[in-house]
Amino acid sequence: DKGLAVFTSGGDAQGMNAAVRAVVRVGLYLGCKVYFIREGYQGMVDGGEHIVEANWSSVSCIIHKGGTIIGSARCMDFKKREGRLKAAQNLIEKGINNLVVIGGDGSLTGADLFRQEWGSLLDELLKDGRISKEGFEKNKNLKIVGLVGSIDNDFCGTDMTIGTDSALHRIIEAIDAIVSTAYSHQRTFIMEVMGRHCGYLAIVVGLAAEADYVFIPEEPVENDWETKICEKLQLERASGQRLNIIIVSEGAIDRNGQPITAEQVKNVVEKNLHQDTRITVLGHVQRGGSPSAFDRVLGSRMGAEAVMALMEADDSAEPCVISLDGNQAVRLPLMECVKQTKEVAKAMEEKKWDRAVELRGKS
Ligand code: ATP
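Residues numbered from 1 in each chain as written. Predicted model: local features only at pLDDT ≥ 70, side-chain atom pairs only at ≥ 80, totals over all residues.

Caption draft 1: The overall build of the protein, seen in detail. Within the protein, the regular secondary structure consists of 12 helices and 11 strands. For 363 residues, the compact-globule formula gives about 21 Å, and the C-alpha radius of gyration of the protein, at 23 Å, lands near that figure. In the protein, the proportion of contacts linking residues at least 24 apart, taken out of those at least 6 apart, comes to 77%. (Helix = DSSP H or I, 4+ residues; strand = E, 2+ residues; numbered from the N terminus. Rg over C-alpha atoms; globule rule 2.2 N^0.38 Å. Contact = placed C-beta atoms within 7 Å.)

This is the structure we're talking about:
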């Protein structure tokens, strides 16, 4: 039997369960012994009841659920070598040397480091008598495949991350609800949406919900933004529109890199246009609730492809990440994608916004 484990790490996203389900079922189908690792890297470090064998029915009736049924956590222990030693020992004890990690760039970086260190971790464990010679011999190579779960769609290399489409649905539903009440009272609504340094959610819902103005991190506003937004809103009202919708991405900034907040925008609109203006911060609603059909299918496809990639990889294969490229599931070098994603974040921090967009565009 090939030992295979799946875990979810970092922030949760809708569609992770579909991926977990596909990993388990395709793994079983291909003759693997499949395990869940509960609570991400923390479960790997703690071992015991956190690493449990999965069967066909353990993943029944989960595809429609949001979040991750096997739990996710941030884990400081795994960032230290002693934590990774414990994690390796726990995996060896169960005969696990194939891992599917579902998470963001941090989780994938941790996975890559773990794989790089695997040989030396095993040497140390054997020397200290913490694993048997047989366990050492059988599990000399660790194979890893990553899947990206994130509602932000901020990972380079894939057209869509697992969870983004569901988050878009959640936001659109909320805006539609707001629009009906805004219409009655001729109000202006400012909706703050998630995305960290990535404006994908904001720009897409801006298009889909015909927003009047969108603030995103990749296009910091110029000094005259207050005049511009007021002119635009006035124009819409003058042409007969009874309401205005403004989308503010949580990472929106001005040219000095200073945050543009929903509160700031509200003050500008109220002061200059005297419109009845309200703020709605959607918050964690965006990452909750059932996954969309797209995310269920995306998670399923990615999970299945991850197991196939593991089974086809030879012992020296570099870890890959399963990505969506023009509706094809493709295998890309994990660390190259992580590196590019981090470069985008760095470019954003350094206020090189065009560079960030260019780097993202390449992926
Ligand atoms: P999200 O996009 O939701 O933030 P993420 O996977 O990027 O997801 P992180 O908090 O960065 O989230 O990482 C999740 C976990 O991965 C960490 O708590 C830690 O256990 C592990 N991890 C992250 N970076 C490293 C690293 N450099 N070395 C070892 N482990 C790491």
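Right, picking up where we left off after that structure.
Caption draft 2: Just the sheet that holds strand S9 (residues 277–281), in detail. With parallel pairing, the 4 strands of this open sheet are ordered in space as S7-S8-S6-S9. Of all the strands in the sheet, just strand S7 (213–215) and S9 have a single pairing partner and so form its edges. With direction set aside, neighbouring strand axes in the sheet form an average angle of 15 degrees. Two elements, strand S6 (residues 188–193) and strand S8 (residues 244–249), share 6 bridges in a ladder whose sense is parallel. Residue pairing for S8: Val193 is matched across the bridge by Ser249. Each of S6, S7 and S8 is contacted by helix H7 (residues 200–208), which is oriented at about 165 degrees to S8, the strand it contacts most. (Pairing = 2+ DSSP bridges. Axes fitted to C-alpha atoms, helices over the stretch in contact; angles between N-to-C directions.)

Caption draft 3: Fine view of the pairing of strand S2 (residues 32–37). Among the 6 residues of S2, 5 are classified as buried, and the element is accordingly described as predominantly covered. Sheet topology note: the strand S1 (residues 2–8)/S2 ladder contains 5 bridges and is parallel. Residue Lys2 lies in a different strand from S2, and its bridge partner there is Cys32. Taking the sense of rotation as the criterion, the β-α-β connection linking S1, helix H1 (residues 16–29) and S2 turns out right-handed. Pairing of S2 with strand S3 (residues 51–53) involves 3 bridges; the strand directions are antiparallel. From the neighbouring strand, Tyr35 faces S3, where its bridge partner is Glu53. (Buried ≥ 20, exposed ≤ 12 C-beta atoms within 10 Å, placed from the backbone. Right-handed = clockwise from strand over helix to strand, strands pointing away.)

Caption draft 4: Spatial organisation of the confidence of the model for the protein. Averaged over every residue, the pLDDT of the protein is 95; residues scoring 70 or more account for 99%. Note on the complex model: pTM 0.95, ipTM 0.98. (pLDDT = per-residue confidence, 0-100.)

Caption draft 5: A look at the site of the ligand. The full set close to the ligand counts 17 residues, and Gly10, Gly11, Gly104, Gly106 and Gly110 are the nearest of them. The greatest single-element share of the shell around the ligand, amounting to 6 residues, is contributed by helix H4 (residues 105–127). Per-class residue counts for the shell around the ligand are 4 nonpolar, 10 polar and 3 charged. (Near = placed C-beta within 6 Å. Nonpolar A, V, L, I, M, F, W, Y, C, P; charged D, E, K, R; others polar.)

Caption draft 6: Here's a closer look at the packing of helix H8 (residues 225–238) against helix H9 (residues 262–273). Viewed as axis vectors pointing N to C, H8 and H9 meet at an angle of 65 degrees, and their least axial separation amounts to 10 Å. Between H8 and H9 the crossing geometry is right-handed. Within the contact between the two elements, H8 uses Glu226, Ile229, Cys230, Leu233 and Gln234 and H9 uses Val268, Val269, Asn272 and Leu273. Broken down by class, the residue content of the contact of H8 with H9 amounts to 6 nonpolar, 2 polar and 1 charged. (Left-handed = near helix turned anticlockwise from the far one by under 90°.)

Caption draft 7: Seen up close, the nonpolar core. Ranked by internal contacts, the top residues of the largest apolar core, which has 105 residues, are Ala19, Val23, Leu201, Ile247 and Ala306. Looking at which element gives the most residues to this core, the answer is H1, with 8 residues. In contact with Leu201, not counting residues within four places along its chain, are Asp152, Ala167, Leu168, Ile171, Val193, Met194 and Gly195. (Core = buried A, V, L, I, M, F, W, Y, C linked by C-beta atoms within 7 Å.)

Caption draft 8: Spatial organisation of the UniProt feature "active site" (unreviewed entry) in the protein. The UniProt record marks Asp152 with the feature "active site" (unreviewed entry), using the residue numbering of this structure. Residue Asp152 is classed as buried on the basis of its C-beta count, with 25 C-beta atoms lying within 10 Å. Here Asp152 is in contact with Met194, Gly195, Arg196, Cys198, Tyr200 and Leu201, once residues within four sequence places are set aside. (UniProt positions renumbered as here; feature names shortened; annotations may be inferred.)

Caption draft 9: Here's a closer look at the sheet that holds strand S5 (residues 143–148). The strand order S3-S2-S1-S4-S5-S10-S11 describes an open sheet built from 7 strands, whose pairing is mixed. In the strand order of this sheet, the two ends are held by S3 and strand S11 (328–333), each with one partner. For this sheet, the mean inter-axis angle between neighbouring strands, taken without regard to orientation, is 30 degrees. For S1 and strand S4 (residues 96–103), the ladder comprises 6 bridges, and the chain directions are parallel.

Caption draft 10: The pairing of S6, seen in detail. The buried count for S6 comes to 6 of 6 residues, which makes it a mostly enclosed element. By the alternation rule, side chains of S6 split into Thr188, Ile190 and Glu192 and Phe189, Met191 and Val193, which are all buried. Across 5 bridges, S6 lies against S9 in parallel orientation. Each bridged residue has a counterpart across the sheet, and for Glu192 the counterpart in S9 is Val281.

Caption draft 11: Highlighting helix H6 (residues 164–185). Between the first and last C-alpha of H6 there are 32 Å, a value that for 22 residues agrees with the 32 Å anticipated at 1.5 Å per step. Those residues of H6 lying buried are Thr164, Asp165, Ser166, Ala167, Leu168, His169, Arg170, Ile171 and Ile175. Taken together, the buried residues of H6 touch S6, H7, S8 and helix H10 (293–312). (Expected span 1.5 Å × (residues − 1).)

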